[in-house]
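A closer look at the structure
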Amino acid sequence: MGQIFLVRHGQASFGAADYDQLSPLGYEQSRLLGVWFAQCGMSFDRVVVGGLKRHRQTAEACLGAMTGMPPEPEWVIDAGLEEYDHVQMLNVSRPDLQAKAAMGGYLAQHDNPRRAFQQLFEDAMGRWMSGQYDAEYRESWLGFRGRCVGALQRVLSDTDKSKRAVVFTSGGPMAAISQELLGLSDARTAALNWTIANSSFTKLLQLPGQITISYMNAYPHLEQTREPKNITYR
């Protein structure tokens, strides 16, 4: 029975000039995951990494805390595991807020800027997923979902049925893959996407003729620290 572990990247650098890199906490979350895997006697026969910087940094920090892992030259890089373009999604939904100053001014008007931004993001995602405005985006929701499921199929076809693989990706692909395997609606998938914690992992079982979810969005490596600040979702 094959096992596939989907890992969401550690916390990225939200608000920084380059979002696509781990924050100091993101590195620590990823290292803690590797320590936890090692404590459980876990090892991986195959490593698959999305094409973003934060995916590779998460893999490096996690696997660096383990021993006997496949060396980096043997990692498989699959761009199909990259996240949706959240910047374009927001810009298309609210072109009036594209400028950093405009966005800052808008959020400053709210008592809870973080919640206000979350609402903007949810509205932008709902518009994107509706399928009514596909021509306005470089990649439609259905296109995104299709490439994520395609990436999973490549992992499955290239991983021996008795082996264990780890896949470093983002929350969006993990939600899209979960939708495919569980038959979720788009609305439920969007809701699931918001709950996937940084550096959490979802375990898939590859059984004869089928692939199923054993458990999802697990982060015991963060819970055991008893530090709520270590658990993040953005």
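This section reports on the structure supplied with the text. The model shown is predicted, which means the values in this text are computed figures rather than measured ones.

This brings us to the pattern of salt bridges. Within this structure, the stated rule accounts for ten salt bridges. Put simply, Asp85 and Arg138 hold a salt bridge, and the shortest N to O gap is 2.4 Å. Note that Asp85 is positioned in the loop between β3 (76–77) and α3 (86–93) and Arg138 in the loop between α5 (113–129) and α6 (141–158), a separation of 53 residues in sequence.

With that settled, consider the sheet that holds β3. The six strands are arranged β3-β2-β4-β1-β5-β6 in an open sheet whose pairing can be described as mixed. Of all the strands in the sheet, just β3 and β6 (210–218) have a single pairing partner and so form its edges. For strand β2 (residues 46–49) and strand β4 (residues 164–169), the ladder comprises four bridges, and the chain directions are parallel. Across the sheet, residue Val47 finds its bridge partner in β4, namely Val166. Across the face of the sheet, α6 comes into contact with β1 (2–8), β2, β4, β5 (201–207) and β6 while running at roughly 165° to β2.

This part is about helix α1 (residues 24–39). With 16 residues, α1 extends 23 Å from end C-alpha to end C-alpha; this agrees with the ideal 22 Å at 1.5 Å per step. Those residues of α1 that sit buried are Gly26, Gln29, Ser30, Leu32, Leu33, Gly34, Trp36 and Phe37. Of the surrounding elements, those touching the buried residues of α1 are β1, α2 (53–64), β5 and α9 (220–223). Just downstream of α1 lies Gly41, where phi reads positive at about 75°.

Once that is clear, we can look at the packing of aromatic side chains. Here the structure, examined in full by the defined rule, presents 15 aromatic pairs. On the basis of an interplanar angle of 35° and a centroid distance of 5.5 Å, the ring pair of Trp36 and Phe201 is categorised as tilted. Here Trp36, found in helix α1, pairs with Phe201, found in strand β5; they are 165 residues apart in sequence, far enough to count as distant. The two residues Trp36 and Phe201 agree in class, both being buried.

What counts and what doesn't
Residues numbered from 1 in each chain as written. Predicted model: local features only at pLDDT ≥ 70, side-chain atom pairs only at ≥ 80, totals over all residues. Heavy atoms only, no water. Salt bridge = Lys/Arg side-chain N within 4 Å of Asp/Glu carboxyl O. Helix = DSSP H or I, 4+ residues; strand = E, 2+ residues; numbered from the N terminus. Pairing = 2+ DSSP bridges. Contact = heavy atoms within 4.5 Å. Axes fitted to C-alpha atoms, helices over the stretch in contact; angles between N-to-C directions. Expected span 1.5 Å × (residues − 1). Buried < 20%, exposed > 50% of the residue type's maximum accessible area, 1.4 Å probe, protein only. Phe/Tyr/Trp six-rings, centres within 6.5 Å; stacked < 30°, edge-to-face > 60°.

Limitation: the analysis is restricted to geometry and does not speak to function.
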